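Okay, here's what each chain looks like letter by letter:
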Amino acid sequence: MNQLLSQVVEHLNLLIPKETEILAGLEMGGIPLTTALSLKSQLPSRFVRKQAKDYGTMRICEGGEIKKKNLCLIEDVITTGGQVIASARELRALGAVVSNVLCVIFRGDDLKNLEREKLKLTYLFKKEDLISP
């Protein structure tokens, strides 16, 4: 792992909710984070597509069973939470338990969209943390 990714994963690892059974990385930015975080935490991972392909496995979630498993969604950057919400709904429809989301940067203004979906977001940075005055 490169140094920056390694440092990010060190911090994210400390934030994984105790009840997490599987890390679920959202396409595309969440996949490398989830891979590295899975290696660090020793938790299994799954990869979540924005939409199922009409060829291959034709699944929205790749990597193994998720039914009745407690997933923590992993994303790099979240603004409105639209894709996180859509993915959480799809995974829940497949029987997964989804209530936690981890991301590196939250650049949105509020968490109401996620809260309405009963999703708890934990992040390392807000956009204000990264902008110099």
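Residues numbered from 1 in each chain as written. Predicted model: local features only at pLDDT ≥ 70, side-chain atom pairs only at ≥ 80, totals over all residues. Heavy atoms only, no water.

Below, the discussion takes up the state of the cysteines. Following the criterion strictly, the structure yields zero disulfides and no others. Here C61 stays unpaired: no disulfide links it, and the sulfur of C72, its closest cysteine neighbor, is 13 Å away. There is no disulfide at C103, and the cysteine sulfur nearest it, in C72, is 10 Å away. (Disulfide = S-S within 2.5 Å.)

This paragraph deals with the environment of L94. In this fold, L94 is placed in the loop between α3 (82-93) and β5 (97-106). On the accessibility criterion, L94 (44% relative accessible area) is partly exposed. Residues L94 and K68 lie 26 residues apart in sequence; the distance between their C-alpha atoms is 8.9 Å. Among all residues touching L94, those that are not within four sequence positions of it are I60, I66 and K67. (Helix = DSSP H or I, 4+ residues; strand = E, 2+ residues; numbered from the N terminus. Buried < 20%, exposed > 50% of the residue type's maximum accessible area, 1.4 Å probe, protein only. Contact = heavy atoms within 4.5 Å.)

Counted residue by residue, strand β1 (residues 22-26) has five buried out of five residues, so it is predominantly covered. Residue alternation in β1 divides its side chains into two sets, I22, A24 and L26 and L23 and G25, and both sets are buried. Two elements, β1 and strand β4 (residues 70-78), share four bridges in a ladder whose sense is parallel. Across the sheet, residue A24 finds its bridge partner in β4, namely L73. Here β1 pairs with strand β2 (residues 45-48) via four bridges, running parallel. Of the residues in β2, the one forming a bridge with L23 is S45. In terms of handedness, the path from β1 via helix α2 (residues 30-41) over to β2 forms a crossover that is right-handed. (Pairing = 2+ DSSP bridges. Right-handed = clockwise from strand over helix to strand, strands pointing away.)

Strand order in the open sheet made by the six strands is β3-β2-β1-β4-β5-β6, with mixed pairing throughout. Both edges of this open sheet fall to β3 (61-62) and β6 (120-126), since each of them pairs with a single strand only. Sitting on the sheet, helix α1 (residues 3-15) is in contact with β5 and β6, with an inclination near 150 degrees to β6. (Axes fitted to C-alpha atoms, helices over the stretch in contact; angles between N-to-C directions.)

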